[in-house]
Amino acid sequence: MNIIRGVYEGLTAVIYGLVLDVILKALLLMGFTDLVNDALQLIVATLWIGIEMFGWNGVCIVNRGVCRLSTIYRYLIFIAVPLLAFSYLLYMYGSDTAAAVLFLVTVSTVLGLSVASYIGAYMVVNQFRSNVGKAGVLVSIIAVIMWLTLISGAMEIGTAINALGNTLILIALLQVRRRYTPMTKFRHR
(Lines give C-alpha, C1' and ligand atoms only; values in the text may rest on other atoms or scores of the structure.)
Protein backbone atom coordinates (compact mmCIF):
# COMPACT_ATOMS: atom_id res chain seq x y z
CA MET A 1 0.00 0.00 0.00
CA ASN A 2 2.77 2.46 0.89
CA ILE A 3 4.72 1.68 -2.28
CA ILE A 4 1.62 2.25 -4.43
CA ARG A 5 0.88 5.53 -2.66
CA GLY A 6 4.51 6.64 -3.08
CA VAL A 7 4.47 5.91 -6.82
CA TYR A 8 1.10 7.64 -7.24
CA GLU A 9 2.30 10.76 -5.40
CA GLY A 10 5.60 10.70 -7.31
CA LEU A 11 3.84 10.57 -10.68
CA THR A 12 1.48 13.35 -9.54
CA ALA A 13 4.48 15.53 -8.65
CA VAL A 14 6.16 14.81 -12.00
CA ILE A 15 2.92 15.81 -13.75
CA TYR A 16 2.84 19.13 -11.85
CA GLY A 17 6.54 19.55 -12.62
CA LEU A 18 5.91 19.21 -16.37
CA VAL A 19 3.27 21.95 -16.16
CA LEU A 20 5.64 24.21 -14.20
CA ASP A 21 8.37 23.44 -16.77
CA VAL A 22 6.40 25.23 -19.51
CA ILE A 23 5.36 28.08 -17.19
CA LEU A 24 9.00 28.62 -16.16
CA LYS A 25 10.14 28.72 -19.79
CA ALA A 26 7.44 31.29 -20.61
CA LEU A 27 8.60 33.43 -17.67
CA LEU A 28 12.30 33.08 -18.57
CA LEU A 29 11.45 34.09 -22.14
CA MET A 30 10.51 37.53 -20.81
CA GLY A 31 13.99 37.95 -19.30
CA PHE A 32 14.51 40.83 -16.89
CA THR A 33 11.39 42.98 -16.79
CA ASP A 34 10.29 44.07 -13.33
CA LEU A 35 10.59 42.93 -9.74
CA VAL A 36 7.31 40.97 -9.84
CA ASN A 37 8.29 38.96 -12.95
CA ASP A 38 11.79 38.34 -11.59
CA ALA A 39 10.38 37.13 -8.26
CA LEU A 40 7.91 34.88 -10.12
CA GLN A 41 10.76 33.36 -12.14
CA LEU A 42 12.66 32.63 -8.94
CA ILE A 43 9.64 31.15 -7.12
CA VAL A 44 8.56 28.98 -10.08
CA ALA A 45 12.14 27.77 -10.65
CA THR A 46 12.43 26.73 -6.98
CA LEU A 47 9.02 25.02 -7.01
CA TRP A 48 9.71 23.27 -10.32
CA ILE A 49 13.08 21.83 -9.27
CA GLY A 50 11.80 20.86 -5.80
CA ILE A 51 8.65 19.18 -7.12
CA GLU A 52 10.58 17.27 -9.79
CA MET A 53 13.09 16.12 -7.17
CA PHE A 54 10.28 14.74 -4.99
CA GLY A 55 8.45 13.27 -7.98
CA TRP A 56 11.33 11.36 -9.51
CA ASN A 57 12.23 10.02 -6.07
CA GLY A 58 8.74 8.46 -5.93
CA VAL A 59 8.82 7.13 -9.50
CA CYS A 60 12.19 5.55 -8.67
CA ILE A 61 10.28 2.62 -7.12
CA VAL A 62 8.77 1.74 -10.52
CA ASN A 63 11.80 2.42 -12.69
CA ARG A 64 15.26 2.26 -11.11
CA GLY A 65 16.69 4.19 -14.07
CA VAL A 66 15.05 7.43 -12.93
CA CYS A 67 16.61 7.27 -9.44
CA ARG A 68 19.51 9.44 -10.57
CA LEU A 69 17.14 12.21 -11.66
CA SER A 70 16.03 13.00 -8.12
CA THR A 71 19.72 13.27 -7.14
CA ILE A 72 20.46 15.54 -10.12
CA TYR A 73 17.56 17.83 -9.17
CA ARG A 74 18.60 17.78 -5.51
CA TYR A 75 22.08 19.10 -6.30
CA LEU A 76 21.12 21.52 -9.06
CA ILE A 77 18.60 23.32 -6.85
CA PHE A 78 21.68 24.64 -5.00
CA ILE A 79 23.19 25.87 -8.29
CA ALA A 80 20.36 27.05 -10.55
CA VAL A 81 18.27 28.99 -8.02
CA PRO A 82 21.16 31.01 -6.46
CA LEU A 83 22.55 31.79 -9.95
CA LEU A 84 19.12 33.09 -10.98
CA ALA A 85 18.91 35.20 -7.81
CA PHE A 86 22.43 36.61 -8.31
CA SER A 87 21.64 37.48 -11.92
CA TYR A 88 18.65 39.57 -10.71
CA LEU A 89 20.78 41.30 -8.07
CA LEU A 90 23.48 42.12 -10.63
CA TYR A 91 20.83 43.45 -13.01
CA MET A 92 19.35 45.65 -10.27
CA TYR A 93 22.78 47.10 -9.47
CA GLY A 94 23.53 47.93 -13.10
CA SER A 95 25.97 45.18 -14.02
CA ASP A 96 24.10 44.12 -17.15
CA THR A 97 26.82 41.99 -18.74
CA ALA A 98 27.45 39.85 -15.66
CA ALA A 99 23.69 39.55 -15.10
CA ALA A 100 23.13 38.40 -18.69
CA VAL A 101 25.92 35.80 -18.47
CA LEU A 102 24.56 34.36 -15.21
CA PHE A 103 21.04 34.40 -16.64
CA LEU A 104 22.19 32.45 -19.71
CA VAL A 105 23.99 29.91 -17.51
CA THR A 106 20.80 29.49 -15.46
CA VAL A 107 18.64 29.10 -18.59
CA SER A 108 21.10 26.49 -19.89
CA THR A 109 20.85 24.62 -16.57
CA VAL A 110 17.04 24.76 -16.73
CA LEU A 111 17.06 23.42 -20.29
CA GLY A 112 19.40 20.62 -19.23
CA LEU A 113 17.08 19.72 -16.35
CA SER A 114 14.13 19.76 -18.75
CA VAL A 115 15.86 17.30 -21.06
CA ALA A 116 16.78 15.10 -18.08
CA SER A 117 13.11 15.12 -17.07
CA TYR A 118 12.03 14.17 -20.60
CA ILE A 119 14.51 11.28 -20.64
CA GLY A 120 13.08 10.10 -17.32
CA ALA A 121 9.57 10.37 -18.72
CA TYR A 122 10.72 8.41 -21.78
CA MET A 123 12.05 5.60 -19.58
CA VAL A 124 8.73 5.38 -17.72
CA VAL A 125 6.44 5.57 -20.78
CA ASN A 126 8.68 3.13 -22.66
CA GLN A 127 8.35 0.67 -19.78
CA PHE A 128 4.55 0.93 -20.11
CA ARG A 129 4.67 0.95 -23.95
CA SER A 130 3.04 4.34 -24.57
CA ASN A 131 3.66 5.72 -28.05
CA VAL A 132 1.88 8.97 -27.12
CA GLY A 133 4.43 9.57 -24.36
CA LYS A 134 7.36 8.79 -26.66
CA ALA A 135 6.04 11.28 -29.24
CA GLY A 136 5.64 13.91 -26.50
CA VAL A 137 9.24 13.43 -25.38
CA LEU A 138 10.51 13.81 -28.95
CA VAL A 139 8.44 16.98 -29.50
CA SER A 140 9.63 18.49 -26.19
CA ILE A 141 13.30 17.80 -26.97
CA ILE A 142 12.87 19.48 -30.38
CA ALA A 143 11.38 22.47 -28.53
CA VAL A 144 14.45 22.66 -26.26
CA ILE A 145 16.70 22.61 -29.35
CA MET A 146 14.73 25.60 -30.66
CA TRP A 147 15.49 27.40 -27.38
CA LEU A 148 19.22 26.87 -27.93
CA THR A 149 19.13 29.16 -30.98
CA LEU A 150 18.58 32.15 -28.63
CA ILE A 151 16.43 33.76 -31.34
CA SER A 152 13.36 35.31 -29.72
CA GLY A 153 10.88 34.12 -32.37
CA ALA A 154 12.24 30.55 -32.33
CA MET A 155 12.15 30.51 -28.52
CA GLU A 156 8.49 31.61 -28.51
CA ILE A 157 7.57 28.88 -31.01
CA GLY A 158 9.69 26.43 -29.00
CA THR A 159 7.71 27.26 -25.85
CA ALA A 160 4.41 26.62 -27.66
CA ILE A 161 5.73 23.33 -29.10
CA ASN A 162 7.05 22.43 -25.64
CA ALA A 163 3.55 22.90 -24.20
CA LEU A 164 2.21 20.46 -26.82
CA GLY A 165 4.94 17.90 -26.13
CA ASN A 166 4.47 18.14 -22.37
CA THR A 167 0.71 17.68 -22.82
CA LEU A 168 1.35 14.39 -24.67
CA ILE A 169 3.72 13.29 -21.89
CA LEU A 170 1.09 14.24 -19.30
CA ILE A 171 -1.53 12.08 -21.04
CA ALA A 172 0.84 9.10 -20.97
CA LEU A 173 1.85 9.65 -17.34
CA LEU A 174 -1.78 10.02 -16.26
CA GLN A 175 -2.46 6.58 -17.76
CA VAL A 176 0.51 5.13 -15.89
CA ARG A 177 -0.55 6.86 -12.66
CA ARG A 178 -4.02 5.31 -12.92
CA ARG A 179 -2.40 1.89 -12.41
CA TYR A 180 -1.04 3.05 -9.05
CA THR A 181 -4.18 4.67 -7.60
CA PRO A 182 -4.22 3.88 -3.88
CA MET A 183 -7.24 1.83 -2.79
CA THR A 184 -9.33 3.22 0.06
CA LYS A 185 -10.79 0.99 2.70
CA PHE A 186 -14.47 1.32 3.46
CA ARG A 187 -15.62 1.11 7.04
CA HIS A 188 -18.78 -0.80 7.80
CA ARG A 189 -20.89 0.48 10.64
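Here we summarise the structure given alongside this text. What you see is a predicted model, and the numbers here were worked out from it, not measured in a lab.

1. What about the packing of helix α5 (residues 131–147) against helix α6 (residues 152–179)?
Item 1. Contact geometry for α5 and α6: axes closest at 7 Å, N-to-C directions at 160°. Accordingly, the angle class assigned to the pair α5 and α6 is roughly antiparallel. Where α5 crosses over α6, the handedness of that crossing is left-handed.
Item 2. When grouped by side-chain class, the residues that make up the contact of α5 with α6 number 15 nonpolar, 8 polar and no charged.

2. Comments concerning the environment of Ile169
Item 1. With respect to the helices and strands, Ile169 occurs in helix α6.
Item 2. Since its relative accessible area comes to 0%, Ile169 is described here as buried.
Item 3. Ignoring anything within four residues of it in the chain, the contact list for Ile169 reads Leu18, Tyr118, Ala121, Gly133, Gly136, Val137 and Ser140.

Criteria and thresholds
Residues numbered from 1 in each chain as written. Predicted model: local features only at pLDDT ≥ 70, side-chain atom pairs only at ≥ 80, totals over all residues. Heavy atoms only, no water. Axes fitted to C-alpha atoms, helices over the stretch in contact; angles between N-to-C directions. Helix = DSSP H or I, 4+ residues; strand = E, 2+ residues; numbered from the N terminus. Parallel < 35°, antiparallel > 145°, perpendicular 65-115°, else oblique. Left-handed = near helix turned anticlockwise from the far one by under 90°. Nonpolar A, V, L, I, M, F, W, Y, C, P; charged D, E, K, R; others polar. Buried < 20%, exposed > 50% of the residue type's maximum accessible area, 1.4 Å probe, protein only. Contact = heavy atoms within 4.5 Å.

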